[in-house]
Amino acid sequence: MRAGLALALVAVLAFAPACLAGQGRVADGKYYGPLDNFVVPLPKLVGLRVQDESDPSGGMVAFHGDLGGNRGVTYVRLPEGMGAAMSDAARRDATYRSFVHDYALPSLFRRASLQAKIVWEEPVNQGAERALFAVVDIPGASTLLDAKTNKRLDSVRALLVFQRRDFIYMLSDELNSALESVDPAALGNERLLAARVALEAMRAEMSFR
């Protein structure tokens, strides 16, 4: 049954992000999702830029800053009837993991770098706050450039995957910046906890419809 759920999710996740069906709205310091499913406060980033795309099945928004800040929300509508199945804890955890490994890694992260890989993952919290926390290393995918080589620096992003109503969401937060360089192979418990707390705070600030 878990495999069936994963396959159903992968099938619905195969939407084409390039086919825009309308973009979100920015007003009063907030971003309003184009499918009317969530609202998120704009992050306080130097030189903030907003980039988004969507279709009726889902979409994504990224918030970029001049110093390397990069936060994002990816969201995908669940297949009809799948919401009830997500009430089973084991199936829910398997679906979150499938979202990262079967969709996000090949369809998003490896499009940016074939060497992208998940370097950390763990289920966190219980009940309605249950989620999958993960970290992905994406070589050469930072918004920052190396001043000497003029090549993009590596991206190390923390992820938080969870369900709200009819959607699965993946929040992301760039750990590398002009002020901090992170080694994805040597992330200690303190840095992992800080990354997780930051994403959970982002989720707590969001409203879902």
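Everything quoted here is computed from the prediction, not taken from an experiment.

Quick look at the sheet that holds strand β2 (residues 30-32)
In a beta sheet, neighbouring strands are held together by backbone hydrogen bonds and run either parallel or antiparallel to one another.
Okay, step 1: In spatial order, the strands read β1-β2-β3-β11; together these four strands make up an open sheet with antiparallel pairing. Bordering the open sheet on either side are β1 (25-27) and β11 (207-208), each of which pairs with just one other strand.
Okay, step 2: Here strand β3 (residues 38-41) pairs with β11 via two bridges, running antiparallel. Bridge pairing in β11 places F38 opposite F208.

So, unusual backbone geometry
Okay, step 1: Positive phi, normally seen in glycine, also occurs at D28, with a value near 55 degrees.
Okay, step 2: Mapped onto the fold, D28 is located in the loop between β1 and β2.
Okay, step 3: A residue is classified by how much of its surface remains accessible, and D28, at 74% relative accessible area, is exposed.
Okay, step 4: Of note, N150 is a non-glycine position whose phi angle comes to about 60 degrees, a positive value.
Okay, step 5: Take N150: its relative accessible area is 58%, and that puts it in the exposed class.

A look at the packing of aromatic side chains
Okay, step 1: On inspection of all chains with the given rule, the structure shows 11 aromatic pairs.
Okay, step 2: Both rings, one in Y75 and one in F167, keep their centres 6.3 Å apart while their planes meet at 65 degrees; by these two values the pair is edge-to-face. Residue Y75 is located in strand β6 (residues 70-77), and its partner F167 is located in strand β10 (residues 167-174); the two are separated by 92 residues in the primary sequence.
Okay, step 3: When its relative accessible area of 0% is taken as the criterion, Y75 is described as buried.
Okay, step 4: Look at Y169 and F208: their rings are 5.0 Å apart centre to centre, the planes differ by 70 degrees, and that puts the pair in the edge-to-face class.

A few points about the confidence of the model for the protein
Okay, step 1: On average, residues of the protein score 88 in pLDDT, and 89% of them reach the 70 mark or higher.
Okay, step 2: This model gives residues 1-21 a pLDDT under 50, and the stretch forms 41 contacts once residues within four places in sequence are excluded.

Notes on the environment of S181
Okay, step 1: By the secondary structure assignment, S181 is in the loop between β10 and α4 (189-205).
Okay, step 2: Note on S181: relative accessible area 71%, which makes it exposed.
Okay, step 3: C-alpha of S181 to C-alpha of S155: the two residues are 26 residues apart in sequence and 9.7 Å apart in space.

So, helix α3 (residues 89-112)
Okay, step 1: Taking 1.5 Å as the rise per residue, α3 with 24 residues should run 34 Å; its terminal C-alpha atoms sit 32 Å apart, in good agreement.
Okay, step 2: The largest bend in α3 amounts to roughly 60 degrees and is located at A104, with the proline P106 lying one to four residues further along.
Okay, step 3: Among the residues of α3, those classed as buried are R92, T95, Y96, S98, F99, V100, Y103, A104, L105, L108 and F109.
Okay, step 4: Where α3 starts, the residue carrying a side-chain oxygen 3.2 Å from the main-chain nitrogen of A90 turns out to be D88.

Definitions and cut-offs
Residues numbered from 1 in each chain as written. Predicted model: local features only at pLDDT ≥ 70, side-chain atom pairs only at ≥ 80, totals over all residues. Heavy atoms only, no water. Pairing = 2+ DSSP bridges. Helix = DSSP H or I, 4+ residues; strand = E, 2+ residues; numbered from the N terminus. Buried < 20%, exposed > 50% of the residue type's maximum accessible area, 1.4 Å probe, protein only. Phe/Tyr/Trp six-rings, centres within 6.5 Å; stacked < 30°, edge-to-face > 60°. pLDDT = per-residue confidence, 0-100. Contact = heavy atoms within 4.5 Å. Expected span 1.5 Å × (residues − 1). Bend = angle between axes of the 7 residues up to and from the residue. Polar contact = N/O pair within 3.5 Å; in protein donor to acceptor, adjacent residues only side chain to side chain.

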